[in-house]
Amino acid sequence: MKNNLMKIFIAALLVLTYSNIAFAAVEFDSVSFDPAVITAGDEVDVTINFHDEAFYDTLAQYKGTALKVFLDPADTISEKYLLITDATGSPNVGHLFAQGVWRKTFRVKVSNDASPAKYKLRVKFQYYVDDKPLDVAKVHDFFIDVKKEGIILGVANIVTVPSAVRPGDNYVELDTYVENAGNKNAKSVEAILSLPDKLKHSYTNSNRLWIGKVAVNESKKATFFINVEEDAKPIKYNLELEFNYMDLDNNKYTKKVTMPFLVKEKPIIDVVDVKGNGKAGSTANLEVYLKNTGTEDAEAVDARLITQSSQPFSFDSRSNYVGELKVGEIAKAVFKVKIDKDAEMKEHFIKLLVRAKGDSDKGDENIYTFNRRASIKVEGKESNKIIGIGITAVIIVLGLIVFKIVKRKK
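Note that the coordinates shown come from a computational prediction; the quantities given were computed from them, not determined experimentally. (Residues numbered from 1 in each chain as written. Predicted model: local features only at pLDDT ≥ 70, side-chain atom pairs only at ≥ 80, totals over all residues. Heavy atoms only, no water.)

Draft legend 1. Region of interest: the nonpolar core. Grouped together as the largest cluster of nonpolar side chains are 30 residues, with contacts concentrated most on Leu 290 and Phe 335. Counting only elements with at least two residues in this core, the list comes to β21 (283-292), β22 (298-306), β23 (313-315), β24 (319-325), β25 (330-339), β26 (347-357) and β27 (367-381). Every residue in contact with Phe 335, bar those within four places of it in the chain, is listed here: Ala 284, Asn 285, Leu 286, Val 288, Ala 303, Leu 305, Ser 317, Arg 318, Ser 319, Asn 320 and Leu 352. Among the nonpolar cores identified, the runner-up in size contains 29 residues, and Val 26, Leu 67, Tyr 81 and Ile 144 belong to it. (Core = buried A, V, L, I, M, F, W, Y, C linked by side-chain atoms within 4.5 Å. Buried < 20%, exposed > 50% of the residue type's maximum accessible area, 1.4 Å probe, protein only. Helix = DSSP H or I, 4+ residues; strand = E, 2+ residues; numbered from the N terminus. Contact = heavy atoms within 4.5 Å.)

Draft legend 2. Local environment of the sheet that holds strand β13 (residues 186-194). Read from one edge of the open sheet, 4 strands run β15-β13-β17-β18, paired in antiparallel fashion. Across the chains shown, the open sheet's two edge strands, defined by having one partner strand only, are β15 (208-214) and β18 (252-262). Taking the axes of each pair of neighbouring strands and ignoring which way they run, one obtains an average angle of 25° across the sheet. Across 5 bridges, β13 lies against β15 in antiparallel orientation. Note on β15: the bridge partner recorded for Glu 190 is Trp 210. (Pairing = 2+ DSSP bridges. Axes fitted to C-alpha atoms, helices over the stretch in contact; angles between N-to-C directions.)

Draft legend 3. Here's a closer look at unusual backbone geometry. The peptide bond linking Asp 34 to Pro 35 adopts the cis configuration, its omega dihedral lying at 10°. Note that Pro 35 resides in the loop between β1 (27-34) and β2 (38-39). Put simply, Val 161 and Pro 162 share a cis peptide bond, and its omega is 5°. With a phi close to 55°, Ser 188 is a non-glycine residue in the positive phi region. The backbone of Ala 300 shows a phi angle near 50°, a positive value even though the residue is not glycine. Judged by its relative accessible area of 36%, Ala 300 is partly exposed.

Draft legend 4. Broad picture of the pattern of salt bridges. Here the structure, examined in full by the defined rule, presents 24 salt bridges. As a salt-bridge pair, Lys 198 and Glu 229 come within 3.8 Å of each other at their nearest N and O atoms. Taken together, the residues Lys 198 in the loop between β13 and β14 (199-201) and Glu 229 in the loop between β16 (219-228) and β17 (236-246) connect sequence positions 31 residues apart. Exposure remark for Glu 229: the relative accessible area of 27% places this residue in the partly exposed category. Close ionic contact of Asp 270 with Arg 372 constitutes a salt bridge, the shortest N to O distance being 2.9 Å. (Salt bridge = Lys/Arg side-chain N within 4 Å of Asp/Glu carboxyl O.)

Draft legend 5. Quick look at the environment of Ala 215. Mapping Ala 215 onto the fold places it in the loop between β15 and β16. Non-local contacts of Ala 215, meaning those with residues more than four positions away in its chain, are made with Asn 180 and Asn 185.

Draft legend 6. Up close: the sheet that holds strand β12 (residues 172-180). Taken together, 4 strands build an open sheet; the order of strands is β11-β12-β16-β14 and the sheet is antiparallel. Each edge of the open sheet is held by one strand with a lone partner, namely β11 (153-161) and β14. Averaged over all adjacent pairs, the angle separating strand axes in this sheet is 35°, with direction ignored.

Draft legend 7. Spotlight on the packing of aromatic side chains. Enumeration according to the criterion identifies 8 aromatic pairs in this entry. For the pair Phe 28 and Phe 142, a centre-to-centre distance of 6.1 Å together with 20° between the ring planes defines the contact as stacked. Here Phe 28, found in strand β1, pairs with Phe 142, found in strand β10 (residues 138-148); they are 114 residues apart in sequence, far enough to count as distant. Each of the two residues, Phe 28 as well as Phe 142, counts as buried. Ring centres of Tyr 81 and Tyr 119 lie 5.8 Å apart, and the angle between their planes is 55°; this geometry places the pair in the tilted category. With Tyr 81 in helix α3 (residues 76-81) and Tyr 119 in strand β8 (residues 117-129), the pair connects residues that are 38 residues apart, well separated along the chain. (Phe/Tyr/Trp six-rings, centres within 6.5 Å; stacked < 30°, edge-to-face > 60°.)

Draft legend 8. Structural detail: the side chain of Asp 42. Take Asp 42: it is sitting in the loop between β2 and β3 (43-51). Only 2.8 Å separates the side chain of Asp 42 from the backbone nitrogen of Thr 39, close enough to count as a polar contact. Not counting chain neighbours up to four residues away, the residues in contact with Asp 42 comprise Pro 35, Val 37, Val 108, Lys 109, Val 110 and Lys 184. (Polar contact = N/O pair within 3.5 Å; in protein donor to acceptor, adjacent residues only side chain to side chain.)

Draft legend 9. Just the side chain of Thr 307, in detail. Residue placement: Thr 307 occurs in the loop between β22 and β23. In this structure Thr 307 comes out as buried when scored by relative accessible area, which is 18%. In terms of polar contacts, Thr 307 uses its side chain to reach the side chain of Arg 318, at 3.3 Å. Once residues lying within four places of it in the same chain are set aside, the contact partners of Thr 307 are Phe 315, Arg 318 and Ile 350.

Draft legend 10. Molecular detail of the layout of surface pockets. The calculated volume of the largest pocket comes to roughly 200 Å³. Looking at the largest pocket, the residues that line it are Ser 111, Asn 112, Asp 113, Ala 114, Ser 115, Glu 149, Ile 151, Ile 152, Tyr 245, Tyr 253, Thr 254 and Lys 255. In terms of residue count, β18 provides more of the lining of the largest pocket than any other element does, 3 residues in total. Of the residues belonging to the lining of the largest pocket, the class tally is 5 nonpolar, 4 polar and 3 charged. (1 Å grid on protein atoms, 1.4 Å probe; cavity = no way out; pocket = protein on both sides within 12 Å on 5 of 7 lines; lining within 4 Å. Points joined across faces, edges and corners; volume = space filled by probe spheres on them. Nonpolar A, V, L, I, M, F, W, Y, C, P; charged D, E, K, R; others polar.)

Draft legend 11. Quick look at the environment of Val 44. The residue Val 44 is located in strand β3 in this model. Spatially, the C-alpha atom of Val 44 lies 5.6 Å from that of Arg 107, the residues being 63 residues apart in sequence. Setting aside its immediate chain neighbours within four residues, Val 44 contacts Phe 33, Asp 34, Pro 35, Ile 38, Phe 106, Arg 107, Val 108, Val 110 and Ile 144.

Draft legend 12. View of the pairing of β21. With 6 bridges joining them, strand β19 (residues 269-275) and β21 adopt antiparallel strand pairing. The residue bridging Asp 270 from the neighbouring strand is Lys 291, located in β21. Relative to β25, β21 runs antiparallel, the two being bridged by 9 bridges. Counterpart to Ala 284 in the pairing with β25 is Val 337.

So, in structure tokens, the structure goes:
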């Protein structure tokens, strides 16, 4: 019974005594960093030096007294870029000895994308008596100075083949040059390209490339292939390139960059109407109406009919020159078509190849070709004119004979 009362008395005395001096008890002396010059992406040993003189005379002799030290980011910015990697370890300094000076080392991971700046950390000293915290803790703020950036992956240059990309272009070669402009090497670098609407990857799963290691100041080429849909607008598209990579300590990172991809203007010639029909064995006019539905004026537009050997048609001229077609303008190409006498009575489709030159006033000297089609309907058969003439002649001769016979009888 006496022993229990003594313990209670001592604990009460300790709490009462410490409550008067605890706030001023622990003194923060200094902090050191290893490495001394800190770069984004570093793992830094932060060593805190501290002492307590006033506390020893009162509590040091009591073995149930211990001091614990905690380290945390002091604000939201520091919390974003600093990670206390040994936070799960024991913060216990241990039993206090009179006139002692202690140190506590923490491992702090600086994020790879941390900008050069001073980030605030907060150390908290908390006394415990018989594993119970005393009510007052001592805190001290200090800064960790990040002087250099870590891994900085970006795109140093972009090259396309062809150099001027236009709607309808397929297998456009997009060469990107991935550069590390930081102060630390990157490894296991993977690049993933995301495309907006109207742009497609030329090959299945060709949007993901393995680049590997990219050392400081090194540049590596990454090539993608892109199809541009024919109705794509002539504008600047934003391509998103995502990097997944690791530093040499196997910490994983993700970064996204945006790249411009310019699609230029282009004429597009479409068939908007076709007029033409005839009978087997006859000659008919085939009228094809062409419209420039693109975004650039077209020069030297020419239309050419291409038939299969099995199709029952022949032409005096397969080509028809149209000339210039401005954006939105419609012009007519006319062909004379000879229909074979044994042509099947139906609608026949004929391949039409349209060629056009780009607008030279805008420096577009490209020749564009468009595969289109026209149609001509065969309705019935043309009557035999020779037989008709013969029948007519016979009727006339018979008429003359009858006329003479009648005249003689009179």
